[in-house]
Amino acid sequence: MDLKSRVDAAIDAALWSRIVGCVVLIHQDGRPIYARAAGYADGEARRPVAGNDIFRLASCTKPIVATAALAMIDRGLLSLDDPVSKYLPWFTPKSPDGSVEPIRIRRLLTHSSGITYDVPDDVSTGSDPGPAMSLEENLRRLSRAPLAFGPGQAWEYGMSIDVLGGILAAINGDPSDVEAVVRKYVTGPLGMADTHFHVTDPSRLAVAYADGKPEPIRMADPQDVRNDEDPDKVDTFSPGRIFLRDRPQCSGSSMAGTAGDFIKLLDAWVVGDLLKPATRDAAFVNQIGALPRPKDPGQKFGFLGAVIDDPNISGWPVRGMLHWGGVWGNNWIVEPKSKTTVAVMTNTMREGCNGPFRDEIRDAVFP
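Since this is a predicted model, take the numbers as computed values, not measurements.

Novice: Which parts of the structure should I look at to understand the overall build of the protein?
Specialist: Scanning the protein from terminus to terminus reveals eleven helices and 15 strands. For the protein, the C-alpha radius of gyration of 19 Å lies close to 21 Å, the compact-globule estimate for 367 residues. Each principal axis of the C-alpha atoms in the protein carries an extent, and together these give about 55 × 45 × 40 Å. Scored against the burial criterion, the 367 residues of the protein give a buried share of 57%. In the protein, the share of contacts with a sequence separation of at least 24, taken over all contacts with a separation of at least 6, comes to 65%. Of the roughly 14300 Å² that the protein leaves accessible, carbon and sulfur atoms contribute 50%. Where the 40 positive side-chain charges of the protein centre and where its 47 negative ones centre are 4 Å apart.

See below:
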């Protein structure tokens, strides 16, 4: 089968039973080679997905903000080795031994800062039904919690990019307005007109669904979803939080946008001049050294997402491939050598993020 037939088959096999709706875009060397919108943006109303529908981005927000940081580094506005306290003097969380060690910008970009998602109840992670407040207040609350480990001592996913967004906003003049920063350095230059920390057109927002048997369930607000790593734990999400204009602009999770916008970002990494070549090349390689990622063997981390270090161990087909996802149901892939980019937006948590659907699309594109 050719690429179109393989990807169509993967989508058709998942629709209705695992994925309610999706937009899948594939580009090579910046040019479209596949595009399809399939399924429903609203299953109960039988509203089909349109190519320009808006999806909650969740952690697909992270590479947008990380790209803004790298663009600002290229302009000399900050440095990878700057401490967080240079820009947020009050952000000085303690390590487990009680010491206060400087957290460098590079530690935020690579999730080796000690900041995780195990945060106090009064801190918003961006997709929860927690309290609305300014970003600065949210980060001040986060700073009072101890780090999970000393900076640089381990790798663990968490709210590092949220802190990075606060730094970028402070440099830009408003410590709670990350939107202005990403518009200035990323979404504006790339023409990502529908990507924001709010929804520009609610009629185009895809309804949120969660994994269920025999089919996905329409999410309530709030909605408990079983944790994908700990079956005895549930995470609580708020689909309606995207509409709150007074919530913190959490740089790790709280933007919304289209697949068409997002693939512009991926293409800019491989064929554009948004970043200096040396900066882009550094972003694409292992930046955590020998630090292990036990839950994802054979994978390391760069400045934008996971980097495949060993295809045989990881199950991913190409060394140097980048990828990540967003818990609301999205994932992306970049294969730098062939300049292939893949943006997958679905409205189904968690299947569209890191479920079998992600791997099925990957294997259809890179057989």
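After presenting the structure, the write-up continues.
Novice: Just to check I follow, could you spell out helix 2 (residues 61-74) for this structure?
Specialist: Every α-helix carries 3.6 residues per turn, so stepping three or four residues along brings you back to the same face. Relative to the 20 Å expected for 14 residues at 1.5 Å per residue, helix 2 spans 20 Å between its end C-alpha atoms, a close match to the ideal helical length. With respect to burial, helix 2 is a largely interior element, 14 of its 14 residues being buried. Positioned one or two residues after helix 2, Gly-76 has a phi angle of 80°, which is positive.

Novice: I would appreciate a short explanation of the environment of Val-20 in the present structure.
Specialist: Along the polypeptide, Val-20 turns up in the loop between helix 1 (3-14) and strand 1 (21-28). Separated by 225 residues in the primary sequence, Val-20 and Arg-245 have C-alpha atoms spaced 28 Å apart. Look past the residues within four positions of Val-20 in its chain and what remains in contact with it is Leu-15, Ala-38, Gly-39, Tyr-40, Gly-43, Tyr-209, Pro-216, Asn-347 and Thr-348.

Novice: Before we go on, may I ask you to explain the pattern of salt bridges in this structure?
Specialist: A side chain of one charge can pair with a side chain of the opposite charge if their charged atoms are brought near each other. As enumerated under the stated definition, the model contains 23 salt bridges in all. A salt bridge links Asp-8 to Arg-36; the nearest nitrogen and oxygen atoms lie 3.4 Å apart. Of the two residues, Asp-8 is situated in helix 1 and Arg-36 in strand 2 (residues 31-42); the sequence distance between them amounts to 28 residues. Residue Asp-8 is classed as buried on the basis of its relative accessible area, which comes to 15%. Given a relative accessible area of 23%, Arg-36 falls into the partly exposed group. Bridged by salt links that share partners, the residues Lys-4, Asp-8, Asp-12 and Arg-36 form one connected network.

Novice: Would you take a moment to explain the pairing of strand 2 for this structure?
Specialist: If a strand is regular, its side chains alternate between the two faces of the sheet. Pairing of strand 1 with strand 2, which is carried by eight bridges, proceeds in the antiparallel orientation. Following the sheet pairing, Cys-22 is matched in strand 2 by Ala-38. Linkage of strand 1 to strand 2, two consecutive antiparallel strands, is achieved through a turn of two residues, within which Asp-29 is found at a positive phi near 55°. Of the strand pairs in this sheet, strand 2 and strand 3 (residues 47-48) are connected by two bridges, and their pairing is antiparallel. Residue pairing for strand 3: Asp-42 is matched across the bridge by Arg-47. Hairpin remark: strand 2 followed by strand 3, antiparallel, with four residues in the connecting loop; positive phi at Arg-46, about 55°.

Novice: I would appreciate a short explanation of the state of the cysteines in the present structure.
Specialist: By definition, a disulfide links the sulfur atoms of two cysteines through a covalent bond. Summed over the entire model, instances satisfying the criterion amount to zero disulfides. With no disulfide of its own, Cys-60 has Cys-353 as its nearest cysteine by sulfur position, at a separation of 7.4 Å. Judged by relative accessible area, Cys-353 falls into the buried class, the value being 12%.

Novice: Honestly, the packing of aromatic side chains in this entry has me stumped. Any pointers?
Specialist: Any two aromatic rings considered together are summarised by their centre-to-centre distance and by the angle between their planes. This structure, assessed with the given rule, holds ten aromatic pairs. A centroid spacing of 6.3 Å and a plane angle of 65° characterise the contact between Trp-90 and Phe-91, whose relative ring orientation is edge-to-face. On the accessibility criterion, Phe-91 (4% relative accessible area) is buried. Consider the rings of Trp-155 and Phe-301, whose centres lie 5.6 Å apart with planes at 45°: the pair is tilted. With Trp-155 in the loop between helix 4 (135-143) and helix 5 (160-172) and Phe-301 in strand 10 (residues 299-301), this residue pair connects regions lying 146 residues apart in the sequence.

Novice: Would you explain the sheet that holds strand 11 (residues 306-308) in this entry?
Specialist: Consider a sheet: its strands pair through backbone hydrogen bonds, and that pairing is either parallel or antiparallel. Read from one edge to the other, the open sheet built from eight strands follows the order 3-2-1-14-13-12-11-10, with strand pairing classed as antiparallel. Two strands in the sheet have a free side with no partner beyond their single neighbour: strand 3 and strand 10. As paired strands, strand 12 (residues 322-326) and strand 13 (residues 330-335) are joined by five bridges and run antiparallel to one another. Its bridge partner being in strand 13, Leu-322 is matched across the sheet by Val-334. Against the sheet, helix 1 touches strand 1 and strand 2, its axis set at about 15° to strand 2.

How each quantity is defined
Position numbers for residues count from 1 along each chain, tracking the sequence in the order it is written. Local features in this predicted model are restricted to residues of pLDDT 70 or higher, and side-chain atom pairs are both shown and tallied only at a pLDDT of 80 or more, whereas totals for entire chains, interfaces and linings draw on every residue. The side-chain values count all of the structure's non-hydrogen atoms but skip hydrogen atoms and water molecules. In DSSP terms, a helix is any run of H or I states spanning at least four residues, a strand is any run of E spanning at least two, and both are numbered starting from the N terminus. To get the radius of gyration, use the C-alpha atoms; to get the globule rule, take the number of residues to the power 0.38 and multiply by 2.2 Å. Relative accessibility under 20% of the residue-type maximum defines a buried residue, over 50% an exposed one, and the middle range a partly exposed one, all with a 1.4 Å probe and only protein chains included. Here, two residues are considered to be in contact whenever any of their heavy atoms come within 4.5 Å of each other. Per-residue and other accessible areas follow the Shrake-Rupley method at a 1.4 Å probe size, with only the shown protein chains counted as cover for residues. His is not counted here, nor are the chain ends, while Lys and Arg score as positive and Asp and Glu score as negative. For charged residues, the charge sits on one atom: NZ in Lys, CZ in Arg, CG in Asp, CD in Glu. How far a helix is expected to stretch is found by multiplying one less than its residue total by 1.5 Å. The term salt bridge refers to a pairing of a side-chain nitrogen on Lys or Arg with a carboxyl oxygen on Asp or Glu at a separation within 4 Å. Only when DSSP finds a minimum of two bridges between them are two strands counted as paired. Disulfide assignment relies on a single distance test, namely cysteine sulfur atoms paired within 2.5 Å. Note on aromatic pairs: the rings of Phe, Tyr and Trp (six-membered ring only in Trp) are paired at centre separations within 6.5 Å, and the planes decide the class, stacked below 30 degrees, edge-to-face beyond 60, tilted for the rest. Angles shown run from 0 to 180 degrees and are taken between the N-to-C directions of axes, each axis being a line fitted to C-alpha atoms and, for helices, limited to the stretch in contact.

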